[in-house]
Amino acid sequence: MAAMALLDGEPGSLTSEQVDAHVAGCDGCHGALAGLRTLHAHLNRVDYSDHLDVDLWPVIHQHVASGSPRQALRESGAIIGLTAVLCAWRLAQLLLDLPAPVVNSVVPLAMIVVVLWHFTGDPFAIRVSSHQLQGGGAS
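Calculation rules
- Residues numbered from 1 in each chain as written.
- Predicted model: local features only at pLDDT ≥ 70, side-chain atom pairs only at ≥ 80, totals over all residues.
- Heavy atoms only, no water.
- Helix = DSSP H or I, 4+ residues; strand = E, 2+ residues; numbered from the N terminus.
- Buried < 20%, exposed > 50% of the residue type's maximum accessible area, 1.4 Å probe, protein only.
- Areas by Shrake-Rupley, 256 points an atom, 1.4 Å probe, with all protein chains shown as cover.
- Core = buried A, V, L, I, M, F, W, Y, C linked by side-chain atoms within 4.5 Å.
- Contact = heavy atoms within 4.5 Å.
- Salt bridge = Lys/Arg side-chain N within 4 Å of Asp/Glu carboxyl O.
- Patch = residues over 30% accessible without salt bridge, like charges linked within 9 Å, V, L, I, M, F, W, Y side chains within 5 Å.

Take the overall build of the protein next. Within the protein, the secondary structure is distributed over 7 helices and 0 strands. Reading the protein from its N terminus to its C terminus gives the helix and strand order α-α-α-α-α-α-α. Taking all 139 residues of the protein together, 12% fall into the buried category. About 10500 Å² of surface is accessible on the protein, with carbon and sulfur atoms providing 65% of the total.

Listed below in structure tokens is the structure:
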């Protein structure tokens, strides 16, 4: 977090020297910081003023239209299934007066993450296309 704050020019909880000292001895942080620096450099090269009036509908429509009916049915089934499970979970909370508030919050969140994982592969991954990195617009 301190490294991200420093990259963004914000005050962090650690100084640049402290971050560099830690990164020098930690392979995991070294790789993560290298990725952050690359992403930060790419994002700084993008001219956002050129892309404010971009109409995304043609790209979205093409993507939606190119999907197979079987895939759309599977995705609809997953969303309907998630809705049913979340409704059943809420009904169980109301009827059974479940005492564990943490479990009551975590279980629905976990179900949502599983469905997102089903659709995207990894809902927490940052995906940037080469087209976006070259400043070619939204995709």
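Let's pick the thread back up.
What follows is about the nonpolar core. Among the nonpolar cores identified, the biggest contains 5 residues, and these are Ala2, Ala3, Val19, Val23 and Leu33. When contributions to this core are tallied by element, the ones reaching two or more residues are α1 (2-7) and α2 (16-25). Leave out the neighbours within four places in its chain, and Ala2 touches Ser13, Leu14 and Val19.

A word on the pattern of salt bridges. The tally for this structure, following the rule as stated, stands at 1 salt bridge. Residues Arg37 and Asp20 are paired through a salt bridge, measuring 3.8 Å at the closest nitrogen-oxygen approach. Taken together, the residues Arg37 in helix α3 (residues 27-45) and Asp20 in helix α2 connect sequence positions 17 residues apart.

A contiguous nonpolar patch, built from Val54, Leu56, Trp57, Ile60 and Val64 and spanning about 460 Å² of accessible area, is present on the exposed surface. Along the chain, Val54 falls in the loop between α3 and α4 (57-66).

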